[in-house]
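Each chain, letter by letter, is given below.
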Amino acid sequence: YGLGHTYELLKMPHFAISYYKMAHSLQPSDSRVLYALGYCYDQLEEYEYAKKCYKKAIAFHDPEGTSVIKLAKLHIKLGEEDDAAKLYTKFIAVIESGKSVSHTTEEGGNAHLYLARYHLRRAHYIEAEAHAHKTTEFVSTREE
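Residues numbered from 1 in each chain as written. Predicted model: local features only at pLDDT ≥ 70, side-chain atom pairs only at ≥ 80, totals over all residues. Heavy atoms only, no water.

**Side note on the pattern of salt bridges**
Then step 1. Taken as a whole, this structure holds eight salt bridges when the rule is applied.
Then step 2. Ionic pairing is found between Glu48 and Lys51, a salt bridge with its closest N-O pair at 3.4 Å. Residue Glu48 and its partner Lys51 are both found in helix α4 (residues 47-59); the two are separated by three residues, about one turn of the helix.
Then step 3. Of the residues examined, Lys51 reaches a relative accessible area of 8% and is grouped as buried.
Then step 4. Residue Glu81 is joined to Arg121 by a salt bridge in which the shortest nitrogen-to-oxygen separation is 3.6 Å. Taken together, the residues span a long stretch of sequence, with Glu81 in helix α6 (residues 81-97) and Arg121 in helix α7 (residues 106-121) at a distance of 40 residues.
Then step 5. In this structure Glu81 comes out as partly exposed when scored by relative accessible area, which is 30%. (Salt bridge = Lys/Arg side-chain N within 4 Å of Asp/Glu carboxyl O. Helix = DSSP H or I, 4+ residues; strand = E, 2+ residues; numbered from the N terminus. Buried < 20%, exposed > 50% of the residue type's maximum accessible area, 1.4 Å probe, protein only.)

What follows is the structure in structure tokens.
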């Protein structure tokens, strides 16, 4: 895992992937390795592989919800808004349950902002208003 991370920091994702794959073969249920693989595939614009890795990381209980956020952003990039909305809803549930504390400030606000806009586009005004109100609780999205 360490060598893969080193190559990732050196902006050499092809080499990082090979070492992350070795780490994954040794620890197939480690969500950190799967997240790192997904991130490298995302950098290489191999989005289908990235989605698979992020989904596996989520299945192995990514404790901080990092893979959920990355996968949601990838779905947005690919124009898959419904899938992104489902993931952001899942992420908000994780935050509100108290299981994730590292992303509550910035990513929580971004999740609520995305969901507010998503529901507004679909004329779901009650849901949009609820999420818009929640964005005011976060410094990063208060002005939006």
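**Regarding the nonpolar core**
Then step 1. In this structure, Tyr20, Leu37, Tyr88 and Tyr114 are the most contacted members of the largest nonpolar core, which totals 30 residues.
Then step 2. For this core, the elements supplying multiple residues, two or more each, are α2 (13-26), α3 (31-43), α4, α5 (66-77), α6 and α7.
Then step 3. In this structure Tyr88 touches Ile69, Ala72, Lys73, Ile76, Ala111, Tyr114 and Leu115, once residues within four positions along its chain are discounted. (Core = buried A, V, L, I, M, F, W, Y, C linked by side-chain atoms within 4.5 Å. Contact = heavy atoms within 4.5 Å.)

**Points about α5**
Along an α-helix, residues three or four apart share an orientation, since each turn contains 3.6 residues.
Then step 1. The end-to-end C-alpha distance of α5, which contains 12 residues, comes to 17 Å, matching closely the 16 Å that a straight helix rising 1.5 Å per residue would cover.
Then step 2. All of the buried residues in α5 are Thr66, Ser67, Val68, Ile69, Leu71, Ala72, Leu74 and His75.
Then step 3. Against the buried residues of α5 lie α3, α4, α6 and α7.
Then step 4. One or two residues past the end of α5 sits Gly79, with phi positive at roughly 80°. (Expected span 1.5 Å × (residues − 1).)

**So, the packing of α3 against α4**
Then step 1. Where α3 contacts α4, the axes come no closer than 8 Å and their chain directions differ by 160°. Between α3 and α4, the interaxial angle falls into the category roughly antiparallel. The chirality of how α3 crosses α4 is left-handed. Where α3 abuts α4, its residues Ser31, Leu34, Tyr35, Leu37, Gly38, Tyr39, Tyr41 and Asp42 lie against Tyr47, Tyr49, Ala50, Cys53, Tyr54, Lys56 and Ala57. (Axes fitted to C-alpha atoms, helices over the stretch in contact; angles between N-to-C directions. Parallel < 35°, antiparallel > 145°, perpendicular 65-115°, else oblique. Left-handed = near helix turned anticlockwise from the far one by under 90°.)

**Quick word on α4**
Then step 1. Its 13 residues give α4 an end-to-end C-alpha distance of 18 Å, which sits within 8% of 18 Å, the value for a rise of 1.5 Å per residue.
Then step 2. Every buried residue of α4 is listed here: Tyr47, Ala50, Lys51, Cys53, Tyr54, Ala57 and Ile58. Seen along its axis, α4 keeps its buried residues to an arc of 165°; they face one direction. Exposed and oriented more than 90 degrees from the buried face of α4 are Lys52 and Ala59.
Then step 3. On the buried face of α4, the contacting elements are α3, α5 and α6. (Arc of directions from axis to C-beta.)

**Digging into the environment of Arg32**
Then step 1. Structurally, the position occupied by Arg32 is in helix α3.
Then step 2. Judged by its relative accessible area of 45%, Arg32 is partly exposed.
Then step 3. Between the alpha carbons of Arg32 and His119 there is a distance of 32 Å; along the sequence they are 87 residues apart.

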